[in-house]
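Survey of secondary and tertiary structure
One-letter residues, chain by chain:
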Amino acid sequence: MYVCLCKGVTDTQIRDAVTDGACSMRDLRERLDVATQCGKCGRECKSIINEYRQSA
Ligand code: FES
């Protein structure tokens, strides 16, 4: 499922990046370019990071 439509980034790509060590929006932005256009996906990206933090 696409989380960031502007950049065509899926939730799987975001999860993979988080598993691989991305632990902030800044990391995700650098790696995947998410939330760099309209910013609408920012909240969803953050909640994926938080989900992972809680389950780690
Ligand atoms: Fe991610 Fe627009 S949906 S920047």
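Nothing here was measured: the structure is a model prediction, and the numbers come from that model. (Residues numbered from 1 in each chain as written. Predicted model: local features only at pLDDT ≥ 70, side-chain atom pairs only at ≥ 80, totals over all residues. Heavy atoms only, no water.)

Formed by 16 residues in total, the largest nonpolar core has its most connected members in Ile14, Leu28, Leu32, Val34 and Cys45. For this core, the elements supplying multiple residues, two or more each, are strand 1 (2-4), helix 1 (11-19), helix 2 (25-32) and helix 3 (42-55). Excluding anything up to four places from it in sequence, Leu28 contacts Ile14, Ala17, Val18, Ala22, Asp33, Val34, Cys45 and Ile49. (Core = buried A, V, L, I, M, F, W, Y, C linked by side-chain atoms within 4.5 Å. Buried < 20%, exposed > 50% of the residue type's maximum accessible area, 1.4 Å probe, protein only. Helix = DSSP H or I, 4+ residues; strand = E, 2+ residues; numbered from the N terminus. Contact = heavy atoms within 4.5 Å.)

For the rest of this paragraph, the subject is helix 1. Every buried residue belonging to helix 1 is among Asp11, Ile14, Ala17 and Val18, and all of these are buried. The buried residues of helix 1 occupy an angular sector of 125° when projected down its axis, which confines them to one face. Residues of helix 1 that are buried sit in contact with strand 1, strand 2 (9-10), helix 2 and helix 3. (Arc of directions from axis to C-beta.)

What follows covers helix 3. Its 14 residues give helix 3 an end-to-end C-alpha distance of 20 Å, which sits within 8% of 20 Å, the value for a rise of 1.5 Å per residue. Structurally, helix 3 contributes buried residues whose contacts are with strand 1, helix 1 and helix 2. (Expected span 1.5 Å × (residues − 1).)

Another point: the environment of Cys23. By secondary structure assignment, the location of Cys23 is in the loop between helix 1 and helix 2. Judged by its relative accessible area of 43%, Cys23 is partly exposed. Sequence separation between Cys23 and Asn50 is 27 residues, and the spatial gap between their C-alpha atoms is 8.8 Å. Ignoring sequence-local partners within four residues, the contact set of Cys23 consists of Ile49 and Arg53.

Spatial relationships are all this shows, so hold off on functional conclusions.
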